[in-house]
Amino acid sequence: MADAELKQKVEELIAANPVLLFMKGTPEMPRCGFSMRVVQALDTMDVEYGAVDVLPALQPLREVTAEISDWQTFPQLYVNGELLGGADIVEEMFDSGELAEALGAEQPAGAAPAQAAIPAQPAQAPPLQIE
Amino acid sequence: MIEAALPGAAVEVVDETGGGDHLRTTVTAAQFKGLSRIDQHRLVKAAVKPRFDDGTIHALSVKTAVPGS
């Protein structure tokens, strides 16, 4: 059973951020290759997004997201309140152009996440903190 | 295991590290038709959950497709 207070906090964050990434580490310093791949895809898109570092409360957050969206692994990308997917899905949708569509962004010409060593613009939203 | 959960599905599994616990799978199933990618992945993950629970698999990279598309 997930922590009710944490669950409410997470639901509020998902509602408040049209594009929200739960990840290991921060966009500036991802601590997991899968999280890094999603950050690279988002940075290439030049969209503003919120990011939550799950590492300080990994197990409680797994329990919360299991209840909210039936998904326990991170990263998790939420768009307009819905879980879009983890790294596999985000990358597949990035490659097909569906991610740009889902985000209302423009598909960068010829860019692939792996090649985006230097994002056009860093993520503008400061990292969100889970207390 | 995936084939049992999704009868008729075409399942391809690649052992990424040679250790048998980091796998990549491609699942093509008619049952995926009309489902979002996330729901397709949920079906696959639910099918293999016992192997995660008992520690046989540590990581599974999933790619899903609907036959004929």
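All figures in this text were calculated on a predicted structure; none of them were measured in a lab.

Asks: I'd like to hear about the overall build of chain A, residue by residue, with values.
Replies: When helices and strands are tallied, chain A shows five helices and four strands. Burial analysis of chain A (131 residues in total) assigns 50% to the buried set. Within chain A, counting contacts between residues at least 6 apart in sequence, those at least 24 apart form 64% of the total. Carbon and sulfur atoms form 51% of the exposed surface of chain A, whose accessible area is close to 6,600 Å².

Asks: Which residues make up the packing of helix H2 (residues 33-45) of chain A against helix H4 (residues 87-96) of chain A, and what values do they have?
Replies: Residue and element names in this part refer to chain A. At their nearest, the axes of H2 and H4 sit 9 Å apart, and the two run at 30° to each other. The orientation of H2 with respect to H4, classified from their angle, is roughly parallel. Considering how the two elements wind past one another, H2 and H4 form a crossing that is left-handed. Contact residues: H2 offers Phe34, Arg37, Val38, Ala41, Thr44 and Met45, while H4 offers Ala87, Asp88, Val90, Glu91 and Phe94. The class makeup of the residues in the contact of H2 with H4 is seven nonpolar, one polar and three charged.

Asks: Which residues make up unusual backbone geometry, and what values do they have?
Replies: Glycine aside, negative phi is the norm for most residues, and most peptide bonds take the trans geometry. All names here are of chain A. Cis geometry marks the peptide bond from phenylalanine 74 to proline 75; its omega dihedral reads 10°. For proline 75, the position within the fold is in the loop between helix H3 (58-69) and strand E3 (76-79). For aspartate 46, which is not a glycine, the phi torsion comes out positive at approximately 60°. Relative to the assigned elements, aspartate 46 resides in the loop between H2 and strand E2 (50-53). Positive phi, normally seen in glycine, also occurs at asparagine 80, with a value near 50°.

Criteria and thresholds
Residues numbered from 1 in each chain as written. Chains lettered and ligands numbered in written order. Predicted model: local features only at pLDDT ≥ 70, side-chain atom pairs only at ≥ 80, totals over all residues. Heavy atoms only, no water. Helix = DSSP H or I, 4+ residues; strand = E, 2+ residues; numbered from the N terminus. Buried < 20%, exposed > 50% of the residue type's maximum accessible area, 1.4 Å probe, protein only. Contact = heavy atoms within 4.5 Å. Areas by Shrake-Rupley, 256 points an atom, 1.4 Å probe, with all protein chains shown as cover. Axes fitted to C-alpha atoms, helices over the stretch in contact; angles between N-to-C directions. Parallel < 35°, antiparallel > 145°, perpendicular 65-115°, else oblique. Left-handed = near helix turned anticlockwise from the far one by under 90°. Nonpolar A, V, L, I, M, F, W, Y, C, P; charged D, E, K, R; others polar.

None of this, on its own, says anything about what the molecule does.
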